[in-house]
There are 2 protein chains.
Amino acid sequence: MSHAFDILGDPVRRRILELLADGQRASGEIVEVIAAEFAISQPAVSQHLRVLRDSGFATSRADGRRRLYAIAPERFDEIDAWVQRFRRTWEPRFEALATEVARGKKARRVEE
Amino acid sequence: MSHAFDILGDPVRRRILELLADGQRASGEIVEVIAAEFAISQPAVSQHLRVLRDSGFATSRADGRRRLYAIAPERFDEIDAWVQRFRRTWEPRFEALATEVARGKKARRVEE
DNA sequence: GACTTATATAATTGACGACTTATCTATTCT
DNA sequence: AGAATAGATAAGTCGTCAATTATATAAGTC
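Cut-offs used in this document
- Residues numbered from 1 in each chain as written.
- Chains lettered and ligands numbered in written order.
- Predicted model: local features only at pLDDT ≥ 70, side-chain atom pairs only at ≥ 80, totals over all residues.
- Helix = DSSP H or I, 4+ residues; strand = E, 2+ residues; numbered from the N terminus.
- Buried ≥ 20, exposed ≤ 12 C-beta atoms within 10 Å, placed from the backbone.
- Contact = placed C-beta atoms within 7 Å.
- Pairing = 2+ DSSP bridges.
- Axes fitted to C-alpha atoms, helices over the stretch in contact; angles between N-to-C directions.
- Arc of directions from axis to C-beta.
- Near = placed C-beta within 6 Å.
- Nonpolar A, V, L, I, M, F, W, Y, C, P; charged D, E, K, R; others polar.
- Parallel < 35°, antiparallel > 145°, perpendicular 65-115°, else oblique.

> Whenever I open this one, the overall build of chain A confuses me. Can you help?
Secondary structure summary: chain A contains six helices and three strands in total. Within chain A, the proportion of its 112 residues that are buried is 23%. The contacts in chain A between residues at least 6 apart in sequence include a share of 47% that link residues at least 24 apart.

> Could you clarify how one ought to interpret the pairing of strand E3 (residues 66–71) of chain B in this entry?
Remark: a regular strand shows side chains that alternate across the two faces of the sheet. Residues and elements named next belong to chain B. Sheet analysis places strand E1 (residues 25–26) next to E3, joined by two bridges and oriented antiparallel. By the bridge assignment for E3, alanine 26 is matched with leucine 68. Note: strand E2 (residues 58–63) against E3, six bridges, orientation antiparallel. When the bridges of E3 are listed, arginine 61 appears paired with leucine 68. Count of turn residues in the E2/E3 antiparallel hairpin: two residues, of which glycine 64 carries a positive phi of about 65 degrees.

> Just checking my understanding: could you explain the sheet that holds E2(B) for this structure?
Strands in a sheet are paired, the pairing made by backbone hydrogen bonds, and the direction either parallel or antiparallel. All names here are of chain B. The antiparallel open sheet is built from three strands, whose spatial order is E1-E3-E2. Single-partner strands in this sheet number two, and they are E1 and E2. Sheet strands touched by helix H2 (residues 11–21): E1, E2 and E3. Its angle to E3, the strand with the most contacts, is close to 90 degrees.

> Looking at this model, I keep getting lost on helix H5 (residues 74–84) of chain B. Mind explaining?
For the α-helix, the turn length of 3.6 residues means that residues three or four positions removed from each other point alike. B:Arg75, B:Phe76, B:Ile79, B:Trp82 and B:Val83 are the residues of H5(B) that are buried. One face of H5(B) carries all of its buried residues, which in axial projection span an arc of 120 degrees. Seen from the buried face of H5(B), the exposed residues on the opposite side, beyond 90 degrees, are B:Glu74 and B:Ala81. Buried residues along H5(B) sit against helix H5 (74–84) of chain A together with helix H1 (4–8) of chain B.

> I keep staring at the protein's contact with DNA strand C and nothing clicks. Help me out?
Near DNA strand C, the surroundings consist of 23 residues, among which A:Gly28, A:Pro43, A:Arg66, B:Ser41 and B:Gly64 are the closest. Along the lines of polarity and charge, the residues of the surface near DNA strand C split into eight nonpolar, nine polar and six charged.

> Sorry, what's going on with the protein's contact with DNA strand D here?
Lining the immediate surroundings of DNA strand D are 22 residues, of which A:Ser41, A:Pro43, A:Gly64, B:Gly28 and B:Pro43 lie closest. Those elements that provide at least two residues to the surface near DNA strand D are helix H4 (42–54) of chain A together with helix H3 (27–38), helix H4 (42–54) and E3 of chain B. For the surface near DNA strand D, the class distribution of residues is seven nonpolar, nine polar and six charged.

> Help me out: how do you make sense of the packing of helix H2 (residues 11–21) of chain A against H4(A) in this one?
To characterise two packed helices, one gives the angle between the axes of the helices and the distance between these axes. Residue and element names in this part refer to chain A. Two numbers describe how H2 lies on H4: the axes approach to 10 Å, and their chain directions differ by 75 degrees. Put simply, H2 runs roughly perpendicular to H4. In this structure, H2 uses Val12, Arg13 and Ile16 to contact H4, whose residues at the interface are His48, Leu49, Val51 and Leu52. Taken together, the residues that form the contact of H2 with H4 break down as five nonpolar, one polar and one charged.

> I keep staring at the sheet that holds strand E2 (residues 58–63) of chain A and nothing clicks. Help me out?
Spatially, E1-E3-E2 (chain A) is the arrangement adopted by the three strands of the open sheet, whose pairing is antiparallel. The open sheet has two edge strands, strand E1 (25–26) and E2 of chain A, and neither has a second partner.

> What should I look at first to understand the environment of B:Ser55 in this one?
All names here are of chain B. On the secondary structure map, serine 55 appears in the loop between H4 and E2. Looking at serine 55, the number of C-beta atoms within 10 Å reads 18, which means it is partly exposed. In this structure the C-alpha to C-alpha distance between serine 55 and arginine 14, which are 41 residues apart in sequence, comes to 13 Å. Once residues lying within four places of it in the same chain are set aside, the contact partners of serine 55 are Met1, Ser2 and Ile7.

Everything listed is a geometric property; what it means functionally is a separate question.
See below:
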């Protein structure tokens, strides 16, 4: 299976995923938006949808003569895992949150 | 500036970043590893390093006649931000943390 | 059953980007 | 200063992949 970033290294596919992030959409609706924004044809979009399906970023199910696409979240975890090792910023933030939580818990315990 | 994923949509660049994640490295050291793993030339690696520099994923400083490369973490935040919207797993966790923080803050205010 | 609508596939073309080799620049060593 | 080393840049080639147009499949409509 090709690496997640190989799939996401395309602006059209990223945009499609953004659309799907708001909820499932029929192929035709996606084509409408993408064709307008990127000035590409229906088959072009359809091919991107195929790539997203094949690579496990999206799923599709038949609904009459339409195909409904939805996000398949699994592969995003993969990206997240890869990116984590480079992020120093969230670490302290997370620490801060964890600290807050700990203090909050304590505070509430005192209150009760 | 080109999108983060356009830069990471290349296995060689991803590997270089992985190397840098373990700490700064001279160009030559990177070439040694990458040339072995991917069977490409020194200029090829150098060009990838340039892309990483220009795109803000890495920084370089001169050290004698060597160039020391290091990770520049900023752009990884961008990726992380993009990916977050597709991850359902951490969402609840974060919500939980945020809630805790909010409650903790309130609790402490009452205490004071 | 013919027609239209929704979407996918096939075949082909073209652009872009990742290589190559050759060369340039800068630094260290003798 | 000249040679050697480290690395970057230049110019050109080539493969890949994202488009295109044309066509196929499948589901609803008349």
